[in-house]
Amino acid sequence: MKLEKGVHNGILDTDYRELPHVSKSDLDKWVKGDDDKKGRHLLVGTALHTAVLEGGDKYRELYHVADVNFKLNTNVGKQTHIDLVVDNPGKLILRPQEHELVIDMARALKAHPEAAAILEADRPVEQTIIGTLPDFTVTSKCRIDKVCAGFLMDVKTSGYMCESDFINAMIDYGYHAQAAYYTDLYEAVTGDRKRFRFLCVSKGGDNSVWIIDISNQLLAAGRAYYRSILTLYERYETTGDKS
C-alpha cells in the first residue's frame, strides 16, 4: 500500500503499519529492538482506541472475544489462539480479561467530564499524516488519535495508579519524543501548529483518568531526542553506518 504525502482519513491500523515510511515507533525499534512481550499490552491499547474513538460497531467488527483466557506460553493456549484466528478471519483475538479491561477503561474515560467532551467532539480521529520533517529527506508517518481544536490528542493506557508517577515516567517511555514527532510532522504537512495532550487511563484500581498537556520545555527535549535518532537513521539508510 502506498499513499502520497499529506493527510489521510479512514486508514486501518493494520494498513498504516505496513506503510513504507518511518514512524516514531520504528525509530524506537531501530534503536532498542522489538519487544515481543509488549504485544498483548499493545493489543489492549489499540482495542481501547477503537472502542472510544471509533465506537462499538467498529470494535465488534475488528475484535473477537474468546471464551477462555488462553495462555500463549503453553501449547494448548497457542493452538486455541490459532483456532480462533482461523475461525474469525480478519479479526484480532482478545482474551475475556483483556476485553473486560478495555470496557472498564472506556467507561472510566466516558465518565470523566473533560475526557468525555474531548472524545465526543466531532473532530477527525485516527488520522494518518505522511510527510517530511524539517531538515530531513526520509519520509515520516504518524497516526494521530484525534485532531482537536488547538491540540492533537493521544490516548494512553498506564500501569501507574497516579498521575505524578506517569508524568515522571514519560521520558523513560519516550512520550515526549512522540509528542514532538507528531506535532512537528503535522505542522510540516498542514502548516498548522498545535499543542499536544495525552488522555491517560490507568489499567488498575479505579481506572483513574488524567489529561496531561505537554509543556514547551518537555516538547523541546523530545524534539532534540527524536532528531538525534532520525539523523542517525537517515545516515544509516544512506551509508549503512549505525554508529
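What comes next concerns the included structure. (Residues numbered from 1 in each chain as written. Predicted model: local features only at pLDDT ≥ 70, side-chain atom pairs only at ≥ 80, totals over all residues. Heavy atoms only, no water.)

## Re unusual backbone geometry
In plain terms, the rule: Strands are runs of DSSP state E lasting at least two residues, helices are runs of H or I lasting at least four, and both sets are numbered from the N terminus onward. Using a 1.4 Å probe on the protein chains alone, a residue whose accessible area is under 20% of its type maximum counts as buried, one over 50% counts as exposed, and one in between counts as partly exposed.
One non-glycine residue with positive phi stands out, namely Glu-126, at about 45°. Along the chain, Glu-126 turns up in strand 4 (residues 125-132). You will see that Asp-135, though not glycine, has its phi angle at about 75°, which is positive. With respect to the element layout, Asp-135 can be found in the loop between strand 4 and strand 5 (139-148). Relative accessible area serves as the criterion here: at 67%, Asp-135 is assigned to the exposed category.

## Remarks on the state of the cysteines
Basically, it comes down to this: Any two cysteine sulfur atoms lying within 2.5 Å of each other are counted as a disulfide.
Applying the stated criterion across every chain yields a total of zero disulfides. Cys-142 forms no disulfide, and the closest cysteine sulfur to it belongs to Cys-148, at a distance of 14 Å. Residue Cys-142 is classed as buried on the basis of its relative accessible area, which comes to 0%. With no disulfide of its own, Cys-148 has Cys-200 as its nearest cysteine by sulfur position, at a separation of 14 Å.

## Describing the nonpolar core
How we decide: The term nonpolar core refers to a set of buried residues drawn from Ala, Val, Leu, Ile, Met, Phe, Trp, Tyr and Cys, joined through side-chain atoms within 4.5 Å. Residue contacts follow a heavy-atom distance rule, with two residues in contact if any of their heavy atoms lie within 4.5 Å.
The biggest cluster of nonpolar side chains holds 38 residues, and the ones touching the most others in it are Ile-144, Met-170, Ile-214 and Leu-230. For this core, the elements supplying multiple residues, two or more each, are helix 2 (24-32), strand 4, strand 5, helix 8 (163-173), helix 9 (175-190), strand 7 (195-202), strand 8 (209-213) and helix 10 (216-239). At eight residues, helix 9 tops the list of elements feeding residues into this core. What Ile-144 contacts, discounting residues up to four positions off in sequence, is Val-125, Glu-126, Gln-127, Ile-129, Leu-152, Met-153, Tyr-182 and Tyr-186. With 26 residues, the next largest nonpolar core counts Val-102, Ile-118, Met-153 and Val-209 among its residues.

## Re helix 3 (residues 39-54)
Basically, it comes down to this: How far a helix is expected to stretch is found by multiplying one less than its residue total by 1.5 Å.
With 16 residues, helix 3 should cover 22 Å at 1.5 Å per step; its first-to-last C-alpha distance of 21 Å lies within 8% of that length. What helix 3 keeps buried is the set Arg-40, Leu-43, Val-44, Gly-45, Thr-46, Ala-47, Leu-48, His-49, Thr-50, Ala-51, Val-52 and Leu-53.

## A few points about the environment of Thr-157
The residue Thr-157 is located in strand 6 (residues 151-158) in this model. C-alpha separation for the pair Thr-157 and Phe-70, spaced 87 residues apart in sequence, amounts to 22 Å. In this structure Thr-157 touches Gly-45, Leu-48, Met-105, Val-201 and Lys-203, once residues within four positions along its chain are discounted.

## Comments concerning the packing of aromatic side chains
The condition is simple: Whether two aromatic rings pair depends on their centres lying within 6.5 Å, for rings of Phe, Tyr and Trp, where Trp uses its six-membered ring; planes under 30 degrees apart make the pair stacked, over 60 edge-to-face, and the rest tilted. The rule is short: NZ of Lys or CZ of Arg within 6 Å of the ring centre and within 35 degrees of the ring normal puts a charge over the ring.
A full pass over the atoms with the stated rule returns ten aromatic pairs. Judged by centre distance (5.4 Å) and plane angle (80°), the ring pair of Trp-30 and Tyr-233 falls under edge-to-face. Of this pair, Trp-30 sits in helix 2 while Tyr-233 sits in helix 10; the two residues are 203 residues apart in sequence, bridging distant segments of the chain. The two residues Trp-30 and Tyr-233 agree in class, both being buried. Aromatic pair Tyr-181 and Tyr-226: ring centres 5.2 Å apart, planes at 75°, arrangement edge-to-face. Taken together, the residues Tyr-181 in helix 9 and Tyr-226 in helix 10 connect sequence positions 45 residues apart. Accessibility classification places Tyr-181 together with Tyr-226 in one group, the buried group. One aromatic cluster in this structure is built from Phe-166, Tyr-173, Tyr-175, Tyr-182, Phe-196, Phe-198 and Trp-210. The cationic tip of Arg-197 hangs over the ring face of Phe-151; the distance from NZ or CZ to the ring centre is 4.6 Å.

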